[in-house]
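So you can see what is in the structure, the chains are spelled out below.
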Amino acid sequence: MCVVSGSEKMSEDRCRAKCTAMLAIRWHMFRVCLSIAIVAMAATMAFTYFSSRNLERVDSKSVYDSDLGPVNRGLRGSNEINLDRSYWSGRKTGGGGGGGGGSKTRPLDPVIQAVERQCHDFAMGGYLFNEHGRHSMVTEDLVTCLVHSFSPYVEQEAARRFLDPARENVYFANSPAILWNRGELVLVSRIWLDREKYEPKNDWPSNHFADNWLYMQRFDDRLQPVSNGSILGIPAPKQWWVGDGPIEPRLVEVQGRLLVTFNSAMAFRQNFPMDFTIIWDIDRSIPIIPNIDGGTPMMNATEKDDMPRDKHWMALVDNDRLFFVHNLDPLRVLHCTLAGFCKFVHRETDRTRFIFSDARSHLRGGTPFVLYRWPYYVSVAHTTMYKKTNHHRYYTAHVVVLCVQPYRVVYVSNDIKVHPKLYRMAPMVRDRYIDEGFIFPVGLVLDRDYNLDIGVHVNDYSSVLIRVKKFRNLMERVIAVDIQRPPIRGPPVGYLNQHIHDLLVNLTHIDMVHE
């Protein structure tokens with residue numbers, strides 16, 4: 001006899017049968033609950049994965065299509081390229097552990113937890129320089145990956161903020177400046193309304209705006225928005241048919257103030273326009289117009305009948321003081337107060353008093369300089385070349401290492417390589433002037449894992465983050481060689497531009513202008 005419940009007694013067979021039935025019911029209930037839990041977990045993971053905004057996709061069913069009409073960028077008659085979702089999906093990178101070191105100058109920026117796609121292995125060559133020219137070659141195996149695309153999300157968000165019910169303007173997000181501030185990644189991107197598109201047929205949009213605006217938004221370390229996007233209210237002059245408004249932003253923080261620099265065309269007096277660098281205090285929403293002691297040297301470097309241009313300043317913060325690398329060759333460094341008074345603290349020249357030439361000054365500004373280990377700072381600069389065959393522009397991007405005691409260019413890399421598919425997936429917007437795919441760098445983050453994340457735009461079409469992996473290996477070798485053979489000063493005036501020209505001609509087999 002056995003007791004099943006309470007004091008109920010029954011035969012052994014009946015007891016065994018009832019117990020077996022109860023176990024079967026409970027096992028079935030357990031399997032049902034387990035199946036529900038697995039389905040729920042899979043659904044949650046799928047929702048998190050596919051709803052992530054860090055995957056660039058041009059999807060005809062985008063939630064924003066109802067606001068922008070049938071095309072993503074507000075462009076009438078557009079043949080937008082639809083990117084398959086699998087192209088942008090990929091493996092999540094690891095967490096933000098340590099990169100070793102322990103130095104007090106070790107970078108502390110968080111690691112962006114983003115998707116790594118279209119990784120490209122290549123050997124990064126480059127040279128160190130002394131007072132005579134290049135003296136040592138350093139080559140390191142690096143990897144570049146696409147980790148995030150702000151496009152088309154930023155274009156869509158920006159377009160929604162314009163009073164353009166006709167929806168005839170086209171919006172491109174260019175120049176993605178990035179900086180960690182108060183635990184959040186700040187993005188300031190140029191929003192370019194491509195008015196050049198309508199010039200050939202004189203078929204202008206119904207609503208006219210300045211060509212250029214700045215869009216700002218904050219993100220967390222997984223690149224999810226943590227603030228609403230906004231158009232920075234910078235009242236820039238509207239005086240030309242194209243080229244108005246703030247262009248090519250860069251972000252810098254100094255003395256607790258978040259600043260964005262950009263260039264904008266404006267008149268400084270009657271009939272005297274100039275494309276000049278401006279500092280915008282984001283927290284105070286007020287411009288700081290730099291006043292250079294003795295005036296800008298670019299006034300004496302203007303091509304005939306062209307507007308003077310003084311742009312691409314590369315911010316550098318040393319001991320919480322604001323400096324700008326005004327030019328790389330010849331090397332000029334400005335110190336600026338937050339009141340806007342600027343003075344050259346380093347200024348190189350030669351017997352010809354060379355300042356700048358559009359056809360000879362190839363190595364130009366780029367991202368702000370980021371401290372690696374004092375006195376060594378790193379930036380990514382761009383080059384502008386002109387092809388002899390058709391005078392079209394040829395752009396490349398290069399790592400530049402600068403020493404600030406004394407001021408000198410230590411190292412310039414060969415051009416940074418990315419996966420060719422990135423160029424193919426971004427149509428060339430200005431194909432009347434540019435033939436080959438390019439990246440244009442304006443933002444830079446060096447995280448605690450020593451990844452170098454670069455904010456670039458691709459072919460003027462989209463804004464993305466490119467990660468350079470194994471970057472620490474390159475920097476340690478460069479610094480070791482520089483310390484072992486410390487130069488008296490940097491290379492002679494004009495040497496870097498000649499070096500870049502000769503290097504790219506040899507690498508590309510394209511004849512480039514150098515006059």
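Please refer to the structure placed before this passage.
Since the structure is predicted, the reported quantities are computational estimates derived from the model, not experimental observations.

Asker: Would you mind going over helix α7 (residues 495-508) in detail, with residue names and values included?
Answerer: Look at α7: 20 Å from first C-alpha to last across 14 residues, which is about the 20 Å you get at 1.5 Å a residue. Leu496, Asn497, His499, Ile500, His501, Leu503, Leu504 and Val505 are the residues of α7 that are buried. His509 sits one or two residues past α7 and shows a positive phi near 60°.

Asker: Break down the sheet that holds strand β18 (residues 314-318) for me, with residues and values.
Answerer: One open sheet holds the 5 strands; their spatial order is β16-β21-β20-β19-β18, and the pairing between them is mixed. Taken across any chain shown, the strands that pair with only one partner, and hence form the sheet edges, are β16 (291-292) and β18. When β16 meets strand β21 (residues 341-347), the two strands line up parallel, connected through 2 bridges. Across the sheet, residue Asn291 finds its bridge partner in β21, namely Phe341.

Asker: Pulling in residues and values, what's your account of the side chain of Asn181?
Answerer: Structurally, Asn181 is set in strand β8 (residues 171-181). Residue class for Asn181 comes out buried when judged on its relative accessible area of 1%. In this structure the side chain of Asn181 is engaged in a polar contact, spanning 2.7 Å, whose partner is the side chain of Arg218. At a separation of 3.3 Å, a polar atom in the side chain of Asn181 contacts the side chain of Glu253. Residues within four places of Asn181 in sequence aside, it is in contact with Val186, Arg218, Glu253 and Leu258.

Asker: Quick one: what's the story with the pairing of strand β20 (residues 331-336), residue by residue and with numbers?
Answerer: Among the 6 residues in β20, 5 count as buried, and that is most of the element. Across 6 bridges, strand β19 (residues 321-328) lies against β20 in antiparallel orientation. Across the sheet, the residue bridging to Phe323 is His335, located in β20. Here β19 hands over to β20 after 2 residues, the two strands then running antiparallel side by side.

Asker: Explain the sheet that holds strand β10 (residues 212-219) to me, and be specific about the residues and the numbers.
Answerer: Read from one edge of the open sheet, 4 strands run β8-β9-β10-β11, paired in antiparallel fashion. Single-partner strands in this sheet number two, and they are β8 and β11 (230-231). As judged from the 2 bridges shared by β10 and β11, these two strands associate in the antiparallel manner. Note on β11: the bridge partner recorded for Tyr215 is Ile231.

Asker: Account for the state of the cysteines, naming residues and giving values.
Answerer: Overall, the coordinates contain 2 disulfides when judged by the stated rule. The disulfide partner of Cys119 is Cys145, and the gap between their sulfur atoms is 2.1 Å. Between Cys119 and Cys145 the sulfur-sulfur dihedral comes to about 115°; the bridge is accordingly right-handed. Taken together, the residues Cys119 in strand β4 (residues 115-124) and Cys145 in strand β7 (residues 140-149) connect sequence positions 26 residues apart. The disulfide bridge from Cys336 ends at Cys342, spanning 2.1 Å between sulfur atoms. Given an S-S torsion of about 115°, the disulfide between Cys336 and Cys342 has right-handed geometry. You'll find Cys336 and Cys342 in the same group, each marked buried.

Asker: Residue-level account of unusual backbone geometry, with values.
Answerer: Across the junction of Asp329 and Pro330, the peptide omega takes the value 0°, indicating a cis bond. For Pro330, the position within the fold is in the loop between β19 and β20. Put simply, Trp374 and Pro375 share a cis peptide bond, and its omega is 10°. By secondary structure assignment, the location of Pro375 is in the loop between β23 (370-373) and β24 (376-386). Look at Gln255: it is not a glycine, yet its phi comes out positive at around 50°.

Asker: Give me the lowdown on the pattern of salt bridges, citing residues and values where you can.
Answerer: By the definition in use, this model includes 19 salt bridges. The closest approach of N and O atoms between Glu157 and Arg161, which form a salt bridge, is 3.4 Å. Among the salt bridges present, the one from Asp275 reaches Arg309, with a minimum N-O distance of 3.4 Å. Of this pair, Asp275 sits in strand β14 (residues 272-281) while Arg309 is found in strand β17 (residues 309-310), placing the two residues 34 residues apart along the sequence. On the basis of relative accessibility, which here comes to 5%, the residue Asp275 falls in the buried class. Arg309 gets classed as partly exposed once you look at its relative accessible area, which sits at 34%. Through salt bridges with shared partners, a single network forms among Glu116, Asp453, Arg467 and Lys469.

Asker: Explain helix α6 (residues 471-484) to me, and be specific about the residues and the numbers.
Answerer: Because the α-helix completes a turn every 3.6 residues, residues three or four places apart line up on one side. Taking 1.5 Å per residue as the helical rise, α6 with its 14 residues ought to reach 20 Å, and the 20 Å between its terminal C-alpha atoms agrees with that figure. All buried positions along α6 are accounted for by Phe471, Leu474, Met475, Val478, Ile479, Val481 and Asp482. Looking straight down α6, one finds that the buried residues subtend no more than 165° of arc, so they occupy a single side. Projecting away from the buried face of α6 at angles above 90 degrees are the exposed residues Ile483 and Gln484.

Asker: Please set out the packing of aromatic side chains residue by residue, giving values where relevant.
Answerer: The full count for this structure, using the stated rule, is 13 aromatic pairs. Seen in terms of ring centroids, Phe162 and Phe209 are 5.2 Å apart; in terms of plane orientation they differ by 90°. Their pairing is edge-to-face. Here the residue Phe162 occupies a position in the loop between α4 (153-159) and β8, and Phe209 occupies one in the loop between β9 (184-193) and β10, the gap between them amounting to 47 residues. Each member of the pair, Phe162 as well as Phe209, is classed as buried. Ring centres of Phe276 and Trp313 lie 5.8 Å apart, and the angle between their planes is 80°; this geometry places the pair in the edge-to-face category. Taken together, the residues span a long stretch of sequence, with Phe276 in strand β14 and Trp313 in the loop between β17 and β18 at a distance of 37 residues.

Calculation notes
Residues numbered from 1 in each chain as written. Predicted model: local features only at pLDDT ≥ 70, side-chain atom pairs only at ≥ 80, totals over all residues. Heavy atoms only, no water. Helix = DSSP H or I, 4+ residues; strand = E, 2+ residues; numbered from the N terminus. Expected span 1.5 Å × (residues − 1). Buried < 20%, exposed > 50% of the residue type's maximum accessible area, 1.4 Å probe, protein only. Pairing = 2+ DSSP bridges. Polar contact = N/O pair within 3.5 Å; in protein donor to acceptor, adjacent residues only side chain to side chain. Contact = heavy atoms within 4.5 Å. Disulfide = S-S within 2.5 Å. Salt bridge = Lys/Arg side-chain N within 4 Å of Asp/Glu carboxyl O. Arc of directions from axis to C-beta. Phe/Tyr/Trp six-rings, centres within 6.5 Å; stacked < 30°, edge-to-face > 60°.

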